[in-house]
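Remarks on the overall topology
So the chains spell out like this:
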Number of protein chains: 4
Amino acid sequence: MNDKGTLIYYKDAGLVSEVFNDTILDHLKGKMAIGHVRYAPDVKDDYRENVQPIVVKYKAGQLALAYNGTLVNAESLRKEMEEKGAIFQANNDAELIASLISRHRITSENIEEALVKILNDIKGSFAFVILTPHKLIGVRDPLGIKPLCIGMMDSAHILASESCALDAIGAKYTRQVNPGEIIVIDENGMRSIQTGTTGKSRFCIFEFVYFARHDSFINGVSVYEARLEAGRRLAMEHPVDADLVIGVPDSGLIAALGFSRQSGIPYGTGLIKNRYVGRTFIKPGQGKREIAVKIKFNAIRSEIEGKRIIMVDDSIVRGTTTKMIVQMLRNAGAKEVHIRISSPPYKFPCYYGIYTPSTDQLVASSFSKEEIKNLIGADSLEYLSLEGIKKTPIGLEGDLCSACFDGQYPIEPYFGEEI
Amino acid sequence: MNDKGTLIYYKDAGLVSEVFNDTILDHLKGKMAIGHVRYAPDVKDDYRENVQPIVVKYKAGQLALAYNGTLVNAESLRKEMEEKGAIFQANNDAELIASLISRHRITSENIEEALVKILNDIKGSFAFVILTPHKLIGVRDPLGIKPLCIGMMDSAHILASESCALDAIGAKYTRQVNPGEIIVIDENGMRSIQTGTTGKSRFCIFEFVYFARHDSFINGVSVYEARLEAGRRLAMEHPVDADLVIGVPDSGLIAALGFSRQSGIPYGTGLIKNRYVGRTFIKPGQGKREIAVKIKFNAIRSEIEGKRIIMVDDSIVRGTTTKMIVQMLRNAGAKEVHIRISSPPYKFPCYYGIYTPSTDQLVASSFSKEEIKNLIGADSLEYLSLEGIKKTPIGLEGDLCSACFDGQYPIEPYFGEEI
Amino acid sequence: MNDKGTLIYYKDAGLVSEVFNDTILDHLKGKMAIGHVRYAPDVKDDYRENVQPIVVKYKAGQLALAYNGTLVNAESLRKEMEEKGAIFQANNDAELIASLISRHRITSENIEEALVKILNDIKGSFAFVILTPHKLIGVRDPLGIKPLCIGMMDSAHILASESCALDAIGAKYTRQVNPGEIIVIDENGMRSIQTGTTGKSRFCIFEFVYFARHDSFINGVSVYEARLEAGRRLAMEHPVDADLVIGVPDSGLIAALGFSRQSGIPYGTGLIKNRYVGRTFIKPGQGKREIAVKIKFNAIRSEIEGKRIIMVDDSIVRGTTTKMIVQMLRNAGAKEVHIRISSPPYKFPCYYGIYTPSTDQLVASSFSKEEIKNLIGADSLEYLSLEGIKKTPIGLEGDLCSACFDGQYPIEPYFGEEI
Amino acid sequence: MNDKGTLIYYKDAGLVSEVFNDTILDHLKGKMAIGHVRYAPDVKDDYRENVQPIVVKYKAGQLALAYNGTLVNAESLRKEMEEKGAIFQANNDAELIASLISRHRITSENIEEALVKILNDIKGSFAFVILTPHKLIGVRDPLGIKPLCIGMMDSAHILASESCALDAIGAKYTRQVNPGEIIVIDENGMRSIQTGTTGKSRFCIFEFVYFARHDSFINGVSVYEARLEAGRRLAMEHPVDADLVIGVPDSGLIAALGFSRQSGIPYGTGLIKNRYVGRTFIKPGQGKREIAVKIKFNAIRSEIEGKRIIMVDDSIVRGTTTKMIVQMLRNAGAKEVHIRISSPPYKFPCYYGIYTPSTDQLVASSFSKEEIKNLIGADSLEYLSLEGIKKTPIGLEGDLCSACFDGQYPIEPYFGEEI
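Residues numbered from 1 in each chain as written. Chains lettered and ligands numbered in written order. Predicted model: local features only at pLDDT ≥ 70, side-chain atom pairs only at ≥ 80, totals over all residues. Heavy atoms only, no water.

**A word on the arrangement of the chains**
Condition: Contacts are assigned to residue pairs that have any heavy atoms within 4.5 Å of one another.
Of all C-alpha pairs spanning chain A and chain C, none lies closer than 10 Å, and the two are not in contact. One finds no contact between chain B and chain D; the C-alpha atoms of the two approach each other to within 10 Å at their closest.

**Notes on the relation of the copies chain D and chain A**
Selection rule: The copies are overlaid by a least-squares fit using only the C-alpha atoms of residues whose pLDDT is at least 70 in both copies.
Of the transformation placing chain D onto chain A, the axial shift is 0.0 Å and the rotation is 180°, giving an RMSD of 0.1 Å. What the superposition gives is, in effect, a two-fold axis relating one chain to the other. Of the interface residues in chain D, 100% have counterparts in chain A that sit at the interface too, so the contact is made through matching surfaces.

**Observations regarding the pairing of strand S2 (residues 61-71) of chain D**
Residue and element names in this part refer to chain D. Where we set the bar: Three labels apply to residues, based on accessible area from a 1.4 Å probe with only protein chains included: buried if under 20% of the type maximum, exposed if over 50%, partly exposed otherwise in between. The helix and strand labels rest on DSSP assignments: H or I over at least four residues marks a helix, E over at least two residues marks a strand, and numbering proceeds from the N terminus. Pairing between strands is defined by DSSP: at least two bridges between them are needed.
Burial analysis of S2 places 9 of its 11 residues in the buried class, which makes it a mostly covered element. Both strand S1 (residues 54-58) and S2 contribute to a ladder of 5 bridges, which runs antiparallel. Residue pairing in the sheet places Lys-57 in a bridge with Gln-62 of S2. Taken together, S1 and the strand that follows it, S2, pair antiparallel across an intervening segment of 2 residues. Bridge analysis of S2 against strand S3 (residues 124-131) gives 8 bridges, and the strand direction is antiparallel. Each residue of the ladder has a partner; that of Leu-71, found in S3, is Gly-124.

**Points about the interface of chain B and chain C**
Convention followed: Accessible area that two parts lose when put together, evaluated with a 1.4 Å probe and summed over both, is termed the buried area. Just to be clear on terms, a salt bridge is a Lys or Arg side-chain nitrogen sitting within 4 Å of an Asp or Glu carboxyl oxygen. Residues are sorted three ways: Asp, Glu, Lys and Arg are charged, Ala, Val, Leu, Ile, Met, Phe, Trp, Tyr, Cys and Pro are nonpolar, and all the rest, Gly among them, are polar.
With 40 residues of chain B at the interface, the matching set in chain C holds 40 residues. When the two sides are added together, the surface that chain B and chain C hide from each other amounts to roughly 3500 Å², 55% of it contributed by carbon and sulfur. Here C:Arg261 ties to B:Glu303 by a salt bridge, and the two come within 2.4 Å at their closest N and O atoms. When contributions to the side of chain B that touches chain C are tallied by element, the ones reaching two or more residues are helix H1 (16-19), helix H2 (22-27), helix H6 (164-168), helix H8 (223-237), helix H9 (253-263), helix H10 (286-296) and helix H11 (301-304) of chain B. Looking at the side of chain B that touches chain C residue by residue, the class counts come to 16 nonpolar, 10 polar and 14 charged.

**Focus on the domain arrangement of chain A**
Put simply, the rule reads: Source of the domain bounds: an automatic or database domain assignment.
With domains assigned, chain A is organised as domain 1 (2-199) and domain 2 (224-395). Averaged C-alpha coordinates put domain 1 of chain A and domain 2 of chain A at centres separated by 35 Å.

**Concerning the pattern of salt bridges**
Under the criterion given, the structure shown has 64 salt bridges over all chains. Residues B:Glu382 and B:Lys369 are paired through a salt bridge, measuring 2.7 Å at the closest nitrogen-oxygen approach. Of the two residues, B:Glu382 is situated in strand S18 (residues 380-383) and B:Lys369 in helix H14 (residues 369-376); the sequence distance between them amounts to 13 residues. Here D:Glu305 and D:Arg301 are joined by a salt bridge, their closest N and O atoms 2.8 Å apart.

**Digging into the sheet that holds strand S17 (residues 336-341) of chain D**
Residue and element names in this part refer to chain D. How we decide: For helices, the fitted axis covers only the stretch in contact; all axes are lines through C-alpha atoms, and the angles between them, taken along N-to-C directions, range from 0 to 180 degrees.
Read from one edge of the open sheet, 4 strands run S13-S16-S17-S18, paired in parallel fashion. Each edge of the open sheet carries a strand with a single partner, namely strand S13 (244-247) and strand S18 (380-383). Between one strand and the next, the sheet's axes are offset by a mean angle of 20°, whatever the strand orientation. Two strands pair when backbone bridges link them, and S13 and strand S16 (residues 308-313) are joined in this way by 4 bridges, in the parallel orientation. The residue bridging Leu-244 from the neighbouring strand is Ile-309, located in S16. Contacting S13, S16 and S17, helix H12 (residues 320-331) runs over the sheet at an angle of about 150° to S17. The strands that helix H14 (residues 369-376) touches are S17 and S18; relative to S18, the one it contacts most, it runs at about 130°.

Next comes the structure, spelled out in structure tokens:
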């Protein structure tokens, strides 16, 4: 945002270090800003139009919007808007929400009022931030499925998905944005609008299991502590006599440490991950996929050889990577390989996340625990129970969305013509 | 357009040879296509969003639109649409028209009907083509200010701004699109919808004077023939005793040839243009501009030395380049330099073109012919009269827009808050 | 060259406007400089290593070298050097010459002395410039086959292949570098070393015919004047009754003008060239080549139709382009097409230029004038005689190399294992 | 290497994923290959010329060379070669060695013989591989300072710096290349030439301490095992009463685990490293450096708070990063921070590595252990003794170069005019 009240921006597809340089950063001056990165989906015709933040002009001026989540009624909302004459240049929820804001803005005093209105219409998981020339606004979905938190640095307010972003710039974590809450930051400071909430929250359990960074606090809970405790409870529920506990880097490491501490079995670092793979250009196909896993992971023979290994991971999705790592451990001389998963079997597709495999790709949907154990070649396989995971700190916060484990979808998914 | 009825596309800022390569072209398969290039404006934040064709999704599916022209009521239409909730990601007429199509499409049987409706609303000069998964549509403004023509290659129909594009691919020129005409091409062939025209046409005279390529036919008139005749009439109106007629490459060459033929004074090639300058990185500033002209043009001493030169150009806009070329000719030994311009003084800004200098930059707005002659250091300076230019073949076609010469604007320009 | 006595440089493959930008240019500060562009050959593994100027470190410090020409004994010199232990990273004469300089520098007082020695060893056509931290040196081959000239701007000395480069920056042409002359420019000014010349010069006639820009002076002769005179002599030698003289742009235009002036037949601009083709990505193959010619040239029907045309070009190499242009003229309604070539038949490969077709690709090597006329579909075909071309101003300068026309090679070509 | 006996190659500056794509990889077909990556130094004028492998043509044909190491007599060898007429286009040891090979090749039967000769001349640390159209050759320096090992995959022989590269492609580790050994691989298989070695080896101790990847075997020793043992010995030499042992990721993690196992104090993961920083564009300056460390590391409050922490790292070079991490731990609530370094104080610059800070930047050169402890704000600071580190498995292999710790340089460094 520059002095003249117009938004200035630069965005492109690529790594942050590829897209930005000093010249560009020097150009981006102002008092408020949005930054956005996300995992790159497949390149399609309109991939450039999908780069966020989306920046639009509408009745009230300019607006930039960066978005995380998935609307389950996006398709029908989009059709509804199209029936009223709206056009869309990309194929994302961000553009749809910008369009909805614009429509409701006509009959609203200000953008906050428009946002309150659209929160009745959009269904799904979401957290988004909006920048106008004079306001920075954050919105979290009514069930609080997606994370969004507030921080401060000196007198500046900051909104971020995860608290680790605050640490990186030296800001302090203040609190989470509540489910259904709208946070408005302007020259008068910060204020909150709490939209009609049922009091229920359904925070995504998988953020704790996999998505979040170890060093984040989400909903006021330390992700690290939750994972450590999940590992401890896993050791309580499914003990096994072994010589070494190892974790699959990076998401399984903390639970492995917890398992080790609870069981008293030594913790080791028998698997290492190659940090420099980057975007691989290896083509699809089973043989090529195996090479990719070999380049990404390696087992430490001197740590593994002759030992009974407990290998802890956060989840098993397709099962293919797990199978190859088990093989890698056996090649490195493991006498036994016991898999312990720090979450329940992942059986149900998520309709609130962005990239989720369909049911037939989820190995736990089609196969029993015993069958999976045999498929991946482990000596034993056990999962932390849903009750167990809810006893970790994450459960204290109230209701969680555990649909991927129990199929209890808090918002009815749309099974229409979506691709 | 692929078999599935969706548009596939690739577009980016840059030269055609920089943007496309074989891999990309191989990806772009289908039965119908739009290509678009234009002179690159200054790079702004949203330059990528402004690259055409614009591709949008709306009620009726997908639509790509490539546009040439300037709407004089764009600002008010945009506000009107914003009042109804529309959002805009770029700042161009193409997106505005796509939005209008979308709105009118709701109450229309088909896209053609929607187009008929919006032709009542949009004011200005324009020619645009639309591609949907099943139709290729061309639209020309009711006064026919901008050019658009139809060609055929085997059984395929082609729309192009200038006929030279047809020659390049071996297609045949069929006819011009009439003012206010909508051409619809689909699997049933081509059909025409003539929207309520007044019978008046106001084709841009400056397309003949400068914009078009020599080898194009516009409105059925040979641009070459028109320029040649303009040169002949210039010689009739403003004869001068001299030894050699030269043209400023490239736009002045044909008129110079006509002048030579009419006057009997030998034609020469005393000025050459460097074809390889490309996008210059020379910074602004008077001194730097002089270097740019020196790199772009050079005078041939052996052709010029000791001679009285008639230098023909199509127009004088700011006067600075003309001044430097006159100096170049004098340095090459010209005894006299007589400037003959194959169009009337350019006195009035154009509100229907894209890049037009404002009044205070048009040298003929502020200075008399005598003053300009002195400013540019010529021995004499004469312009073709408006009557004269209308006697060339271009005049046969009916009314022309000659607002840049006489200030008679066929559509009232909007003098509001536009930048 | 910076203050510390080291060379700073930036070079890459691509157009000047693609390779350089303001940031890079700002980095390149100093008192002396070399710039170099050339027609890009096919991309090979080592294309980057072949980008000039080549910059090397050797006994006496740093040296940059930019080169134009072809050594006929490159292969044997390279082998000789390799026998002595030299390594080569690219495959060009520039690196070979740098290596020779380095070898002779050991037994020489200074670089000039080394250059005098290598001029005994290298055979062929060449002109090159060398930049060291303290000297700018230019060298022209003993027969003066390749052009090199000297200019001045204020008190600065400039070396350039063609004088038009001097005009572009506002410098004055001083004189040509003589055959076998070494020009040394340093803080004491400019001095000349004339190496043992036989007094004979053999300047490349084809520079006047095709390579040079119209506005250059080469060997003190105006290229424009030479081409104009060639056209006049062509009209004297091979008159024909016709209605219009046109030239093939750009290299045939001036001779066409000369033909018109001599014959009194009107000059026209019936063929235009598309300036914006750029590097085409059209793939090889006869059909694709035809499309490329169609995109590059277009005929003006109104100028051509019903007329007997004299089409002047500088040369016919393979004959394919000429054939397609003749067809284009006939399609535009030409009643007759008479080809007049302003140089003799190109029958013999050049061993001193960079890109020359082999004998079997030279249409005049294998076919008679009558056969070529029929192949290209012309009504008549005539060439300027060798005597005729030598009567133009270019002949005044002394001996010319006309091997491509008469097979009299001034330096015996090497018919060894070269590719 | 293609069928015709010429090398084909592609190389450029950038990340592997930026430089290569499928099209390029498809082009690179053959039976033998060299790949090379290295840490990118500052961009200089000749950075492109410095990209390895260097590919040259010489007497015996083509040769590609990829190199790791530092010659201490490079400057004098380069001068010697220049005295004999050699030219250099880059400024690296690879080009120098190629030049030396070329010179000795003249008087040698084959390239192996030439290599034996140059091993007498070049002094320093090095390991390099050479590819000719028919041979793949590996050379290790006579003291074995730099690592080089041999692997096999099916019947193919492989040379690599570290054994983890073999694992990544599924090859088996065979053995290390011995100090002074030349390995020649061709269609007849692999053979060894052992050049005159003194029997002494001086493998770089710092490869075990820092450079190598955990999962590599170097000189037949597991790096993981060596680091684990260093941690154990560190705990024996410098025990301290505390609550948690953490390592600085990634190089301190294994020693931390060893310390934990030996001491019985729990191992934790209190520090995490951000894996996605990439090439940072943060400008130099103390304030900016602090931001960079904050973005790179984060402390886990729930793991650290209220605890007495033992923080293990592999070394302290400048001390600045350590200081900031200590502060980060204190901010996260650490009651005490005890630093344990798994190697002796780094006091002496390395003349055999590529990027080594000078003496005045090595904090242990100028300050005592007590002073450093205060500088970095630790409660205690201890280093593993040189005797201690030599008792880990790395010592079993014979003599090590520990010059950075004890100043005993196995090859006299050159203190001349090198920059």
